[in-house]
Amino acid sequence: MRPMKLVSTLSLVVALAACATTGARPPAAAAPGAAPQIPTQLPRDVRPLHYSISIAPDAPNLRFTGSALIDVNVLSATDTIIVNALDLDFASVTLDAGPRARVTVDADAQTATFHFPAPLTPGRHRLAIDYSGKINTQAVGLFALDYQSDQGPKRALFTQFEASDARRMFPGWDEPAFRTPYDLRVAVPAGQQSVGNMPEAGREMRPDGSAIVTFRTTPAMSSYLVFLAVGEFDRITAAAPGGTEVGVVTRRGAGEQGRWALESQRQILPWYNAYFGTPYPLPKLDNVAGPGSSQFFGAMENWGAIFSFENILLVDPAITTEARRQQIFSVDAHEMAHQWFGDLVTMAWWDDIWLNEGFASWMATKSTAAIHPEWETYLERVDGREAAITLDSLRTTHPVVQHIVTPDQMSQAFDAITYQKGEAVITMLEDYVGETAWRDGVRAYIRAHRLGNTQSDDLWRAIETAARRPVTAIAHDFTLQPGVPLIRVESATCAGGRTQVSLRQGQFSRDNPDGQPLAWRVPVVAAAGGAAARTMVEGGAAQLAVPGCGPLVVNYGQAGYYRTLYSAPLLARLIQDYARLRPLDQIGLLADNWALGLAGYQPASAALDMADAAPANANDRLLSRIATILGQIQAMYAGDPAHQAMVRAYASAKLGPAMRRLGWTPRAGESSSDSVLRNTLIATLGDLGDPAVVGEANRRFSTGDPSATAGPLRETILGIVAANADAATWERLRAMARDERNPLIKVQLYGLLGSVRDPALAQRALDLALTPEPGATNSSRIIGAVAAEHPDLAFDFSLAHREQVEALVDASSRTRFLAGLASRSADPAMIDKLRQYADRYMTPQSRAPADRAIASIQDRLRVRRDRLPDISRWFEARRAG
């Protein structure tokens with residue numbers, strides 16, 4: 001067997017590691033015009049030109065048979081062809097209708113080698129493969145989702161191929177750089193429908209009522225974007241401006257629940273057509289809803305046929321909150337942005353997956369803010385930044401552009417660095433060059449690379465050309481090296497109506513604050529009551545003259561990806577004037593100073609002073625941020641009821657005015673922000689154990705109040721009830737879950753069973769997860785819910801039942817699941833448990849999730865040891881006062 005090859009960028013990784021210890025800049029990328037090195041796990045001597053794939057599912061037995069006709073171009077004489085294949089059994093392989101090839105399979109490498117009796121001549125050939133495979137019960141490859149209907153149990157089939165699971169349904173070149181057209185045919189049972197990337201091209205009916213459905217040929221695309229679904233479906237459609245047919249596909253009887261998503265697609269598509277300057281190129285765009293859930297993804301951007309789990313696509317008036325409606329729109333916007341960034345133009349290798357995900361996240365925020373300004377989506381920018389910095393400020397972080405070799409690493413790449421840091425860096429660079437120049441650069445990039453593959457530098461060159469400003473060097477600083485810049489505001493003095501500011505750049509780290517900092521070129525925006533001023537902190541320092549002499553806000557507008565550390569007098573001035581600042585800067589400053597306090601750069605109580613200065617009529621998102629911080633503090637005091645009572649009393653006093661204003665009953669015509677905040681406040685106060693809120697939630701549940709059975713408060717009320725459940729209440733919730741036929745509600749109810757505080761009931765939930773009752777895709781959700789409150793219990797249980805638990809998790813995500821369960825632990829013993837688990841069950845290339853969980857636990861222990869005393873003194877002083 002020919003050994004697996006990988007064109008490696010190892011030299012870049014080694015150089016970046018050197019940068020991390022010396023503070024040097026990362027190496028420059030290849031000069032324009034240099035041949036890019038695209039990694040591969042397959043030989044380059046044979047390339048696919050076109051696929052014709054036929055699939056005949058046997059859904060009841062979870063098997064399928066397939067045939068693939070693959071036109072290939074043999075570039076150099078060879079007597080073997082190596083393709084990706086996993087869990088496939090080969091019946092016959094021929095080339096140009098010649099003699100059968102001998103097949104050898106390497107399960108570890110996920111490849112099959114076809115051995116031919118004589119060397120193949122260079123040129124075009126046709127490979128014919130007959131094979132069979134299995135239908136999975138988790139969301140990888142071709143998979144089944146079971147659900148209950150009024151007619152009894154049903155099963156629908158879907159596909160999930162990103163990153164490396166197309167090889168589970170058909171053998172081929174399962175790498176993004178191998179773009180080819182696809183023809184897809186599928187055998188569809190009587191009474192069922194099928195969905196593919198393209199509209200149907202033809203249908204051959206059989207005597208038993210089944211059909212062979214053929215779809216139109218796709219454009220050239222990467223294998224991970226191929227999609228197929230078979231089941232009893234409804235499809236609702238609309239014509240978007242420009243003529244494209246948009247559709248939502250659901251299980252039969254649930255079509256109208258997709259109406260909100262359909263209207264969202266109809267609004268988003270023309271906005272994207274205008275922004276990208278290249279119209280959506282396919283004749284239709286469906287969003288296909290699947291019952292159930294996954295611990296690791298909610299939706300997938302298959303070209304022309306997005307897949308989404310029902311809970312983030314369908315609106316059921318009985319359970320859907322306003323926050324969930326907004327999330328449905330945002331997820332739709334994210335996946336639709338991929339139709340250009342990811343599908344029309346695709347990264348050449350998984351090192352640049354952030355080009356797909358970071359850009360789609362940024363585009364979703366931008367389009368949602370434009371189409372629904374009343375939602376104030378731009379205020380969520382800080383939430384994304386904080387999620388990224390949480391990972392990026394530990395030693396176990398990685399660059400945005402990361403070195404990826406194995407399928408495990410491909411799966412692990414879908415994290416907050418890829419999504420949220422990617423989005424934050426794009427936000428910062430767009431702010432630096434300007435919206436128009438950025439848009440023009442994106443349009444040029446799409447035009448130049450449509451139906452092709454790219455690397456990050458292709459985007460930077462397009463932006464740089466459009467903006468006529470240096471972009472690539474700044475982008476490299478933030479994407480080729482890990483970490484978070486720290487901008488220290490060392491002095492600010494007012495003279496002549498201007499504030500003279502001195503800035504120095506360091507690095508923000510939660511577990512290595514005294515290490516040698518890396519170097520970044522950091523675009524900085526500041527304001528002091530007048531017009532904003534801009535500078536580039538380069539070479540470690542900068543001076544800036546800011547109009548006005550008011551409170552100085554660095555990172556004004558919160559577009560920058562960095563922390564800002566103010567001198568004590570400047571911070572005191574900000575706290576004094578905090579109520580006068582814009583909501584976006586209030587939220588950003590609070591997040592920054594809370595993180596800086598927990599990391600030891602300043603007293604943690606400074607952020608609490610800032611939160612205390614927030615007015616009673618503060619923006620809803622600011623109150624939500626304060627609620628989040630109070631919830632974090634409450635968790636730090638686990639086992640300390642006296643201090644938990646202080647936090648609870650403060651939260652009730654701080655959040656009470658907003659809660660009293662909103663009340664428990666939604667008002668006719670109230671704003672969407674009020675609806676979202678009501679749920680947030682009730683959930684937060686309930687989680688903190690506020691007696692009035694917990695009592696009211698339990699009262700509504702026990703008396704069958706309509707708000708506990710349907711409507712926007714249902715999920716929140718049930719969450720509080722479940723968290724505080726006794727055995728009888730837990731069994732009542734279980735009976736509700738077991739008897740529920742609506743998959744949307746069933747998923748939620750089974751998840752709630754794991755969210756209990758009572759350890760004995762949490763153990764009962766874990767035991768339940770290993771039974772068939774919850775359903776194959778719901779059990780891991782229960783285990784994850786237990787881990788949120790009882791991480792040690794969930795990890796120990798899952799390790800003791802490792803094989804059973806791993807069978808409940810998407811195969812490509814198993815290396816993340818168990819380690820993730822332990823990441824919220826505060827027990828020092830868990831660190832050794834995780835190391836032992838990683839040493840025994842993980843390869844050196846796949847152990848990153850365990851290392852990150854260990855780093856998270858160590859950070860949590862440091863915070864409780866070193867920062868909690870300062871926080872305690874703050875709450876004690878409030879109680880004494």
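The structure we're discussing is the one just above.
Residues numbered from 1 in each chain as written. Predicted model: local features only at pLDDT ≥ 70, side-chain atom pairs only at ≥ 80, totals over all residues. Heavy atoms only, no water.

Engineer: Give me the lowdown on the overall build of the protein, citing residues and values where you can.
Structural biologist: Secondary structure summary: the protein contains 29 helices and 28 strands in total. For the protein, whose C-alpha radius of gyration is 28 Å, the value lies close to the compact-globule estimate of 29 Å for 881 residues. Along the three orthogonal principal directions, the C-alpha set of the protein runs to about 90 × 65 × 55 Å. Counting the 881 residues in the protein, one finds 59% classified as buried. Taking the intrachain contacts of the protein between residues at least 6 apart in sequence as the baseline, contacts between residues at least 24 apart amount to 71%. Of the roughly 31700 Å² of accessible surface on the protein, 52% is carried by carbon and sulfur atoms. Here the protein contributes 86 positive and 92 negative side-chain charges, whose respective centroids are spaced 2 Å apart. (Helix = DSSP H or I, 4+ residues; strand = E, 2+ residues; numbered from the N terminus. Rg over C-alpha atoms; globule rule 2.2 N^0.38 Å. Buried < 20%, exposed > 50% of the residue type's maximum accessible area, 1.4 Å probe, protein only. Contact = heavy atoms within 4.5 Å. Areas by Shrake-Rupley, 256 points an atom, 1.4 Å probe, with all protein chains shown as cover. Lys, Arg positive; Asp, Glu negative; His and termini not counted. Charge placed at Lys NZ, Arg CZ, Asp CG, Glu CD.)

Engineer: Give a detailed account of empty space enclosed by the protein, specifying residues and quantitative values.
Structural biologist: Under the definition given, this model contains five cavities of 30 Å³ or more. Approximately 60 Å³ is the volume found for the largest cavity. Among the elements of the structure, α7 (416-433) and β24 (522-527) are those that each provide at least two residues to the lining of the largest cavity. Ranked by residue count, the leading element in the lining of the largest cavity is α7, at three residues. Considering only residue class, the lining of the largest cavity consists of seven nonpolar, two polar and one charged. (1 Å grid on protein atoms, 1.4 Å probe; cavity = no way out; pocket = protein on both sides within 12 Å on 5 of 7 lines; lining within 4 Å. Points joined across faces, edges and corners; volume = space filled by probe spheres on them. Nonpolar A, V, L, I, M, F, W, Y, C, P; charged D, E, K, R; others polar.)

Engineer: I'd like a rundown of the state of the cysteines, residues and numbers included.
Structural biologist: Working definition of a disulfide: a covalent bond connecting the sulfur atoms of two cysteines. In total, this model carries one disulfide according to the counting rule given. One disulfide bridge connects C494 with C549, the sulfur atoms lying 1.8 Å from each other. Judged by the torsion about the S-S bond (70°), the C494/C549 disulfide is right-handed. Residue C494 is found in strand β22 (residues 484-495), and its partner C549 is found in the loop between β26 (541-547) and β27 (553-554); the two are separated by 55 residues along the sequence. (Disulfide = S-S within 2.5 Å.)

Engineer: A description of the environment of V46 should follow, citing residues and the corresponding values.
Structural biologist: Looking at the element boundaries, V46 is found in strand β1 (residues 46-58). Spatially, the C-alpha atoms of V46 and P869 are 64 Å apart, while their sequence positions differ by 823 residues.

Engineer: Mind laying out unusual backbone geometry, listing which residues take part and the relevant values?
Structural biologist: The linkage connecting E162 with the following residue, A163, adopts the cis geometry, with an omega of 5°. Considering the arrangement of structural elements, one finds A163 in the loop between β9 (152-160) and β10 (182-188). With phi around 55°, D96 is a residue other than glycine that occupies positive phi space. Along the chain, D96 turns up in the loop between β4 (88-95) and β5 (102-106). D96 gets classed as partly exposed once you look at its relative accessible area, which sits at 42%. A positive phi is found at Q558, a non-glycine position, where the angle reads about 60°. Mapped onto the fold, Q558 is located in the loop between β27 and β28 (563-566).

Engineer: Residues and numbers for the sheet that holds strand β15 (residues 233-239), please.
Structural biologist: What the five strands build is an open sheet, ordered β15-β16-β17-β19-β18; its pairing is mixed. On the outer flanks of this sheet lie β15 and β18 (299-300), each paired with one strand and no other. Pairing of β18 with strand β19 (residues 305-309), which is carried by two bridges, proceeds in the antiparallel orientation. Considered in β19, the bridge of M300 is made with F307. Relative to the sheet, helix α2 (residues 259-276) contacts β15, β16 (245-251) and β17 (284-290), its axis offset from that of β16 by approximately 160°. (Pairing = 2+ DSSP bridges. Axes fitted to C-alpha atoms, helices over the stretch in contact; angles between N-to-C directions.)

Structural measurements only, silent on function.
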